[in-house]
Amino acid sequence: MVKQTGRKLVANNRKARHDYVVEDVYEAGLVLVGTEVKSLRAGRVTLNEGFGSVTDGEAWLEHVHIPEYAQGTWTNHEPRRKRKMLLHKEQIAEIAEATRERGKTIVPLSLYFLDGRVKVEIAVARGKRDYDKRQSLREQQDSREAARAMSHREHR
């Protein structure tokens, strides 16, 4: 068996960067059961509704949907169960302190394999208002149009 090295992206939460202002980013390990890992290797996971919480000094990832493994038997996992995140005590304390502030939450940004281990990239984020979302979309469109105009000019 060859050990896997490098980073292999499983899922990316693009909606998170649209809906939230990302402040601090952390990398955490996940405590999973075997069928969950097999389902992740097949690239099946939904991060959209997921969020994190800190309870009794432990960090948890909730509402992340990892579907049941197709070839699994009675040992299959529950798709939306609470999963423990592995972080240092100091990091958990920082996250807990940050999320006590009104309007801040823990959002999963991406899920990936790093040297064969499942990792989740989480962020302490503040929710954007509707006008912030529209403004960031406008900025994206403006920069895209500017880049298009510059590339059009270069080709002449």
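See above for the structure.
Residues numbered from 1 in each chain as written. Predicted model: local features only at pLDDT ≥ 70, side-chain atom pairs only at ≥ 80, totals over all residues. Heavy atoms only, no water.

1. Quick look at the pattern of salt bridges
Moving on, step 1. A complete count under the given rule lists six salt bridges for this structure.
Moving on, step 2. When the shortest N-O distance is used, the salt bridge between glutamate 97 and arginine 100 registers 2.7 Å. Residue glutamate 97 and its partner arginine 100 are located together in helix H3 (residues 89–100), separated by three residues, close to a single helical turn.
Moving on, step 3. For arginine 100, a relative accessible area of 61% translates into the label exposed.
Moving on, step 4. Its salt-bridge partner being arginine 126, residue glutamate 101 comes within 2.9 Å of it at the nearest N-O pair. Within this pair, whereas glutamate 101 is found in the loop between H3 and strand S6 (104–114), its partner arginine 126 is found in strand S7 (residues 117–127), the two being separated by 25 residues in sequence. (Salt bridge = Lys/Arg side-chain N within 4 Å of Asp/Glu carboxyl O. Helix = DSSP H or I, 4+ residues; strand = E, 2+ residues; numbered from the N terminus. Buried < 20%, exposed > 50% of the residue type's maximum accessible area, 1.4 Å probe, protein only.)

2. As for the side chain of aspartate 19
Moving on, step 1. Relative to the helices and strands, aspartate 19 resides in helix H1 (residues 14–19).
Moving on, step 2. By relative accessible area, which is 17% here, aspartate 19 ends up buried.
Moving on, step 3. Excluding anything up to four places from it in sequence, aspartate 19 contacts Gly127, Lys128 and Lys133. (Contact = heavy atoms within 4.5 Å.)

3. Remarks on the pairing of strand S2 (residues 20–30)
Within a regular beta strand, the side chains point alternately toward one face of the sheet and then the other, so they alternate between its two faces.
Moving on, step 1. Sheet analysis places S2 next to S7, joined by nine bridges and oriented antiparallel. Across the sheet, residue valine 21 finds its bridge partner in S7, namely arginine 126.
Moving on, step 2. When S2 meets strand S5 (residues 83–86), the two strands line up antiparallel, connected through two bridges. Note that in S5 the partner of leucine 30 across the bridge is methionine 85. (Pairing = 2+ DSSP bridges.)

4. A look at helix H2 (residues 34–41)
Moving on, step 1. Residues Thr35, Glu36, Ser39 and Leu40 constitute the buried set of H2. The buried residues of H2 occupy one face: seen down the axis, they fall within an arc of 140 degrees.
Moving on, step 2. Those residues of H2 that are buried are in contact with strand S1 (7–12), S5, S6 and S7. (Arc of directions from axis to C-beta.)

5. Brief notes about the packing of aromatic side chains
Moving on, step 1. Under the counting rule described, the total for this entry stands at zero aromatic pairs.
Moving on, step 2. A cation sits over an aromatic face here: arginine 41 above phenylalanine 113, 4.4 Å from the ring centre. (Phe/Tyr/Trp six-rings, centres within 6.5 Å; stacked < 30°, edge-to-face > 60°. Lys NZ or Arg CZ within 6 Å of the ring centre and 35° of its normal.)

6. Overview of the environment of glycine 116
Moving on, step 1. Structurally, glycine 116 is set in the loop between S6 and S7.
Moving on, step 2. Distance in space between the C-alpha atoms of glycine 116 and arginine 7 is 8.4 Å, their sequence separation being 109 residues.

7. Examining the nonpolar core
Moving on, step 1. In terms of nonpolar packing, the biggest core is built from 25 residues, with Leu40 and Leu111 touching the most fellow members.
Moving on, step 2. Looking at this core, the elements that each hand over two or more residues are S1, S2, strand S4 (58–62), H3, S6 and S7.
Moving on, step 3. Top element by residues in this core is S7. It accounts for four residues.
Moving on, step 4. Once you skip the residues sitting within four places of it in the chain, leucine 111 turns out to touch Leu9, Val10, Ala11, Leu30, Leu40, Val45, Leu47, Val118, Lys119 and Val120.
Moving on, step 5. The next biggest cluster of nonpolar side chains, apart from the first, holds five residues, and it includes Ala16, Val107, Leu109 and Ala125. (Core = buried A, V, L, I, M, F, W, Y, C linked by side-chain atoms within 4.5 Å.)

Function cannot be inferred from these measures alone, as they are strictly geometric.
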